[in-house]
Each structure stands twice: as C-alpha cells, then as structure tokens.
Amino acid sequence: MHMDHPYEQQRLIDTKSLIRRELDKMGTANRRLQGELYEKAKYMWEELPQQIRTFDDAAALSAQLSEVTHSEKQLDENGLRAAVLEKMLKKPYFGRVDFRETGAETEKFYIGLANLMDGHDYSMVVCDWRAPVSTLFYENGIGKTAYESPSGTVEGEVVKLRQYEIEEGELKLVIDAEVKIDDAILLNALGGESSERMKTIVSTIQREQNLVIRDSESELLLVLGPAGSGKTSIALHRVAYLLYRDRKKLKSKNILVFSPNDIFSNYIAGVIPELGEQEVMTTTFAEMIQKYCGSPVTEMYEQVEFLATAADTPRNRVRKLGIRLKGSREFAQSVKSYIESYVPPFKDLVFQGETILSGGELAAMYTGRFAHMRRLDRLEAIYAEIARLVEPVRKRYCAAKKAELVGAGYAEGELHVEMKARRAFRDAAGVMLDRIRRATQVDFRELYREALLYAVHQSELFSEQDEKLLYNASKRLPLNEKLKFEDGIGILLVMALFGAIPPVKAIKHVVVDEIQDYSPAQHEIFARVFAGCGLTLLGDTSQLVNTGMGMDSGEEILEIYGRKSSGLRRLSKSYRSTSEITALADAVLRRKEPTEYFERHGKPVRFVTATSEGEAVAAIGRMLTEAGAESGATAVVTKTIAEARRYYQMCRRFVPGLILADDDKMAYERGRCVIPLALSKGMEFDRVIIADSAVYGPQDDRLLYVALTRAMHELTVVGVKEQSPLIPEECYKHE
C-alpha cells in the first residue's frame, strides 16, 4: 500500500461528499425551475392569449417566451452537469500534478472529468482534464516545464505526478509516476471488455494523443495512425476540448461528424455526452448527397460490395471502369477544368424580330461583367439584367394590345383587359421566355453528364476500347432514379464547383473519419462546402476498404484543401489488440517497420483450416457457442455482405440470438454477431472469428488487415481448404 494511501482515501471521501452536496443543491434548483416552468407554461397557454390586445402585450408575451426558453436551456445544462457529477461519484479524478510556479509555493492539481469547486473557499478541488494546467499531467514528466494559460505562459516545476485507480468510488491503487501514465493502469484499461458504445479515454490519454487533442494552431488537422491508435476517440475528445476552450464561440450544434456508416455513428454517439457536452450531429456522405441532390443514393458500402462480388458481365465491367475513373485524381481535376471553362449555351433573345440580347452578349456577361461572382450567382444576375431589358418591351406590347382590344370593343373591364394583354404577351414571347429559363437555370445532372464525358475523353487510364465503351455508357447513364454512390459524388462536385451549395454557416468544425476511403472528388467537395470551418480528418492508409475510390497519401489530401494553416500528425502506437494479433496484422501487410504497439500479451492467434465450408461453419458455431458462456462481444467478420448473410443463415441454427449486421441503419448490439468488414470499420470486439481467410487474395492485404484488427483480445482465423496466401505459413503451419 502506498504510504499516502490514508491521506488519499480521506481526500476521496471529502471529494465525494462535495459532489453529493452539489447534486443535492442542483436537484433542489431543478425542482424549483421545473415548477416555475410549469406555472409559466400554464399561464401562457390558458390565460395570456386572452389578455393580448396591444403591441406592448405582445412584447410582454415575447419576453415571457424568452424566459421559458432560458429556463429550459438551464434545465438541459443542469441535466448534463448532473450526469457528469454522477460519473464523478464513481471516479472523481484519475491523476494529480504537484506544480510549483516560479516564485510560488507548490500546488496540488487533481485531474478529472470536469471542474469541481468548493463553494466555501472557491478552491478548485478537481480540474477539468481540458484545463490548461492539466496538460502537465499528459505531456510533462517531473522537472522544469511550462504551460500556456489564458493569461500567458506559466513557468515552474512539476514536483510530483500521481495516478489513481478508483472503481465505483473506492480507491484501489495509488501510483507515483516519473514520466508518463503508468503502464499498469493503461494495461488494466486496455484489458477490459468492449462495450456497445465507444468509451472515453481521459484517464489514459498518451502524450502523442494529447498533442492532437490540444492542437490549436491547425485550422485543418489530418491525423494518420494504425488500427487501434485511438484516432476516432482522440478526435471526439478533441471536439470536447474545443468546446471547452472556445465555449463562447463554439457550441455542440456547430460540430458535424462524418462517419463511414450509421452503425458507427451509433457506436460513437455517447462519447461527447460522457465528456459533459451536448451530443453533436453525425451524418454520412450518402446523406449529404441525398440532402443536396434530393434523390435516394446507394451507400458507400454498396460500392465496396459491388467491387468485391459483381459478376464479370458487360454491364458490371462498365460500372467498374466508371468507379475507377470517378475515384481518380484526374477525374476531379477534369471536372474542375470543365466547370471552370463552362459557358451555358446562351441563344439570342428575340421578340417579334427585335433582338433584346444576343447569345454572345449573354456569354460576355457570364465570362466578363459578372465573372467575379459564383457561377450560380452570375446566372441570377443575368436573369435580373434580362428582366430589366425585357420589361419595357413587355410594357410596349401590352399597351398596344390593350389599345387593340379596346378598339375592337372588348368591354370586360380594365383588369380583364390587362390580364388578356399579359396573356397575349406570354403567348407571343413563348420561345423567348423558354430561352430565358433555359439560360438561367441549370440541370446539374445533365451538366454532370457533360463533365463526365469530358473526363472520359481526357482520361489516360483506359485503352481506346475501354474509353469508347465507357463514353457510350456514360451518354446513357440513368441519373433520374436512385443514384449510384459514385454518381452522387459527381453531381455533388458539380454543384459545389458551380456554387449551388450555400456556405454552411451553422457548422464551424467538421470531423471526417476513415478519410482514406474518400475520393479526391469528395475532398474537393469538403474543401468548398466547409471552406470556412475547422477540419479534423482521421485515417489510416493501411485500412483503405473502398479500393475503387480511396486515397493513400496524406500529403495529397492536404494539397487538395490548400489551407495555409494545416497540420499532419502521425500516431505511431497501437493500443487495441494484443501483441499476438498486432504481429499477425503486420505480417499480412508485409510491413518493413512493424507497428509500434503497447505490449499486452494474450492468447496466441488460433488458425482453423477446414476441409469444407460445412466443416468451417460447424467450427464457427462451436466457437460462438463457447463465446456465449463468456462476457464481452464476439464477431464473425466476413469479407462481403453476401458472405455475412450466408454465414449467418448457416450459423444461426447453432447459435440462438445471433445478430446479423448487414444494414448500416441498425443499431449495434453487444453480443455475438456476423458482420462484413465494410460495416465493421472503427469497431472493436473482444473476440473475432475470420469466417474464411482463403477468400482474401494477394490484392486484399488491406481488407484482411482491417478484419484482423477488429479483435482486442482473441482472434481465430478460419480458412476453407486453405488459409489466405497473405498469411505467412510460419504463422499457422504448427496448427
């Protein structure tokens, strides 16, 4: 037992008592607020409407509505604070820094989930992990150092670093550390079970992770790191840090997170609230396409499935050629080039032999007079100019027509005469008015088709025969039904380049996960739609699943955005899997330099080579049955959705309650499941069974790597008749 254990035990008791007092005080305040809110709402609903007679009465009602809104907001904030305090009752803090500022006495700072102040003397009992002084706990060892505070640089010396293991409010362990978070505490955290929701990591944040979280200089921050390095968790903790640091300017409603699918969105949903902030918005790129294009669109994983399973038919071959083109850098550049040089096909606006504006004059407006505007704004300006010039022509015609009607004895009244004259003008000017509409409106689907044909013609990716095949197919490409994911991206790119997507003012910071699976065209879209936002991009080029469209160069990604204030941080260490699992994953990738990992040993990776699929299914069924007797989550990971459905149907008779995760709209449930690797991205399971490694060919190294690295503690690799050629024989020949 640590010599200071009695002192720390009493300190913990005192802290928990303070938390309970604050909870009691908050409960009383909430009950009072709820009562006041009920009375105000009742009064506003039953009595106030009868009393509104004047503008002053309406102003009074507005003031009361404002009070109600304020009270509701206060209740929400109190609810969040209460939830954090309830968590802090179980673990008020996890670390302590003793810091002696130059020329001052040593102060003890206890680091926890949120600030906790003693209301009697206003002393800080617990410091929020995001507070400036808390960086001393994560980044600095004992010795002279400094940290940045709102008032400037604070210099001094760290004289003690201490960590605590507290479970359910009980002090289990006190450790004095010299340089970093003690391995014993980190090992205990990593050895725990998975959960239905991603967990917070505030008590085990490592130095390289903390540098990412607290990076305040990079307007765009790209974070690359191996599987299990904590990229997603770090990004969400970074969001919580930014909300804490910029509380006056940044709210949860200003944050948008792009995730690979809805299963993953559900999995990460609890992290931000766990850290004491309001939940942020999450979306997928497919949802973004649907929002702006107004059409249903297939998900990214459908494209991955198509590339992996589509039969070799002429129609499928054409789509594969299209995906290859649309996922390339040259496609994005060709579309940009086409839109930059595009001039709408303006025609002369002629009415009864009089040319009001020639096609050349309209084109000159577009390329000259209004060239400083966004392209869509140019068309609106041209429409206004046309309307200005057409108006006197319309007035002359209508005046002459009215005179003609009156002279012919038409006597239905002045209003009817005016209406008849206007109708006559519309009929007479039908061709011209149609040309005006065509000149100032854009069919973005057809414009995308034109840009696509240009890109095909410009491409150097294909043979002459394939180019001709793709060109002819693109001319007939159906764009008025459910869009394919790759075509939705293309239409959205054209809209973004044309200025048809308004600036997103409500969003101030965007997080994009699994960035390696986004194509250059998608990055071009992000660069324009979120031009005024902070960006945190996360990825691992070794986990590129969307082989038809992804990017594997961090530098090239940054180049697309062209931000002056951008940073690239590489995380080097993996924490998720045991040493045995990580070693196998490295062997599959043939890494020249093995992944640096936190050394945590577990069971050896198990290999099962079955003589038939039936034998493999029976073995998987037995393993799932055995897993049912243990706690934690077990996943059978397949290469494709089709395989997931097949294995599920075969295994479910052995395993009651087995879950099939084949739709990204479903919520993740902890237990035993069958899941394709495209939907397992970012997830982690206590035990993973690879359904059939033999289906992973020589070009599938990154796909198999993703499947293997979903496992935290135990991994079994099943092969039907043989193991994947990607797995070195020495890994399994002894089995």
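Anything mentioned here points back to the structure above.
Residues numbered from 1 in each chain as written. Predicted model: local features only at pLDDT ≥ 70, side-chain atom pairs only at ≥ 80, totals over all residues. Heavy atoms only, no water.

### A few points about the overall build of the protein chain
Within the protein chain one finds 27 helices and 23 strands. Principal-axis analysis of the C-alpha atoms places the extent of the protein chain at approximately 110 × 80 × 55 Å. The 735 residues of the protein chain split such that 53% are buried. The long-range fraction of contacts in the protein chain, counting pairs at least 24 apart against all pairs at least 6 apart in sequence, stands at 73%. Counting only carbon and sulfur atoms, one obtains 50% of the accessible surface of the protein chain, whose full area is about 34,500 Å². (Helix = DSSP H or I, 4+ residues; strand = E, 2+ residues; numbered from the N terminus. Buried < 20%, exposed > 50% of the residue type's maximum accessible area, 1.4 Å probe, protein only. Contact = heavy atoms within 4.5 Å. Areas by Shrake-Rupley, 256 points an atom, 1.4 Å probe, with all protein chains shown as cover.)

### Let's talk about helix α23 (residues 579–589)
Within α23, eight of the eleven residues are buried, which leaves it mostly tucked inside the rest of the structure. Within α23 the residues assigned to the buried category are S579, I581, T582, L584, A585, D586, V588 and L589. Directly after α23, the chain includes R590, whose backbone phi takes a positive value near 55°.

### Observations concerning the sheet that holds strand β14 (residues 534–539)
Within the open sheet, the six strands sit side by side as β10-β9-β13-β14-β8-β15. Their pairing is parallel. Where the open sheet ends on each side, the last strands, each with one partner, are β10 (281–283) and β15 (566–570). For this sheet the average axis-to-axis angle between neighbouring strands, irrespective of direction, equals 15°. Running over the sheet, helix α22 (residues 554–561) touches β8 (220–224), β14 and β15 and is turned about 165° from β8. (Pairing = 2+ DSSP bridges. Axes fitted to C-alpha atoms, helices over the stretch in contact; angles between N-to-C directions.)

### Regarding the layout of surface pockets
There is about 730 Å³ of room inside the second largest pocket. Forming the walls of the second largest pocket are 24 residues, and the residues nearest its centre are E77, L80, R247, G276 and E277. Of all the secondary structure elements, the ones that give two or more residues to the lining of the second largest pocket are α3 (55–90) and α7 (231–245). The element best represented in the lining of the second largest pocket is α3, accounting for eight residues. Here the lining of the second largest pocket is composed, by residue class, of eight nonpolar, six polar and ten charged. (1 Å grid on protein atoms, 1.4 Å probe; cavity = no way out; pocket = protein on both sides within 12 Å on 5 of 7 lines; lining within 4 Å. Points joined across faces, edges and corners; volume = space filled by probe spheres on them. Nonpolar A, V, L, I, M, F, W, Y, C, P; charged D, E, K, R; others polar.)

### Some points on the packing of aromatic side chains
Counted under the stated rule, the structure contains 22 aromatic pairs. Geometrically, the ring pair formed by F285 and Y518 is edge-to-face, given 6.1 Å between the ring centres and 75° between the ring planes. Residue F285 is located in helix α10 (residues 285–293), and its partner Y518 is located in the loop between β13 (509–512) and α21 (520–529); the two are separated by 233 residues in the primary sequence. For the pair F285 and Y518, a shared accessibility class is recorded, and that class is buried. Put simply, the rings of F258, F285, F485, Y518, F526 and F530 pair up and form one aromatic cluster. (Phe/Tyr/Trp six-rings, centres within 6.5 Å; stacked < 30°, edge-to-face > 60°.)

### Digging into empty space enclosed by the protein
Over the atoms rolls a probe the size of a water molecule, and in doing so it shows where empty space is left. This structure, assessed with the given rule, holds five cavities of 30 Å³ or more. Here the largest cavity defines a volume of roughly 110 Å³. The wall of the largest cavity is formed by 13 residues, among which P260, F285, M300, F485 and Y518 lie closest to the centre. A per-class count over the lining of the largest cavity returns six nonpolar, three polar and four charged. Put simply, the second largest cavity is a space of about 70 Å³. The element best represented in the lining of the second largest cavity is α23, accounting for three residues. Residues belonging to the lining of the second largest cavity are distributed by class as follows: three nonpolar, six polar and two charged.

### Examining the nonpolar core
W129, F285, F530, I690 and L715 are the most contacted members of the largest nonpolar core, which has 195 residues in total. With ten residues, helix α20 (residues 485–498) is the largest single contributor of residues to this core. If sequence neighbours within four positions are ignored, F530 has contacts with L256, F258, M288, V504, V510 and R563. Core analysis: the next-biggest nonpolar cluster, separate from the first, contains 21 residues, A616, Y647, L660 and V720 among them. (Core = buried A, V, L, I, M, F, W, Y, C linked by side-chain atoms within 4.5 Å.)

### A look at the packing of helix α11 (residues 300–309) against helix α12 (residues 314–326)
Here α11 crosses α12 at 125°, and the two axes come no closer than 11 Å. Here α11 is positioned oblique relative to α12, judged by the angle of their axes. Our pair here, α11 against α12, has a crossing hand that is left-handed. Residues E302, Q303, F306 and L307 of α11 form the contact with α12, whose participating residues are N316, R319, K320 and I323. Here the residues of the contact of α11 with α12 are counted per class, giving three nonpolar, two polar and three charged. (Parallel < 35°, antiparallel > 145°, perpendicular 65-115°, else oblique. Left-handed = near helix turned anticlockwise from the far one by under 90°.)

### Describing the environment of H601
Topologically, H601 is positioned in the loop between β17 (596–597) and β18 (606–610). In this structure, the C-alpha to C-alpha distance between H601 and Q206, residues 395 residues apart in sequence, is 20 Å. Non-local contacts of H601, meaning those with residues more than four positions away in its chain, are made with T578, S579 and E580. For H601, the side chain forms a polar contact with the side chain of E580, separated by 3.0 Å. Here the side chain of H601 touches E599 through a polar contact of 3.0 Å, side chain to side chain. (Polar contact = N/O pair within 3.5 Å; in protein donor to acceptor, adjacent residues only side chain to side chain.)

### Looking at the pattern of salt bridges
Note that side chains of opposite charge can pair when their charged atoms are close. Going through the model one piece at a time under the given rule, you end up with 40 salt bridges. With its nearest N and O atoms 2.8 Å apart, the salt bridge here joins E8 to R96. Remark: R96 occurs in strand β1 (residues 95–101) and E8 occurs in helix α1 (residues 5–46); sequence separation between them is 88 residues. Exposure class is identical for E8 and R96. Each is buried. Notably, a salt bridge pairs E486 with R319, separated by 2.8 Å at the nearest N-O pair. With E486 in helix α20 and R319 in helix α12, this residue pair connects regions lying 167 residues apart in the sequence. Summarising the burial analysis for this pair, E486 and R319 share the class buried. Here the residues in one salt-bridge network are D4, E8, R96, D98, R162 and D176, joined through shared partners. (Salt bridge = Lys/Arg side-chain N within 4 Å of Asp/Glu carboxyl O.)

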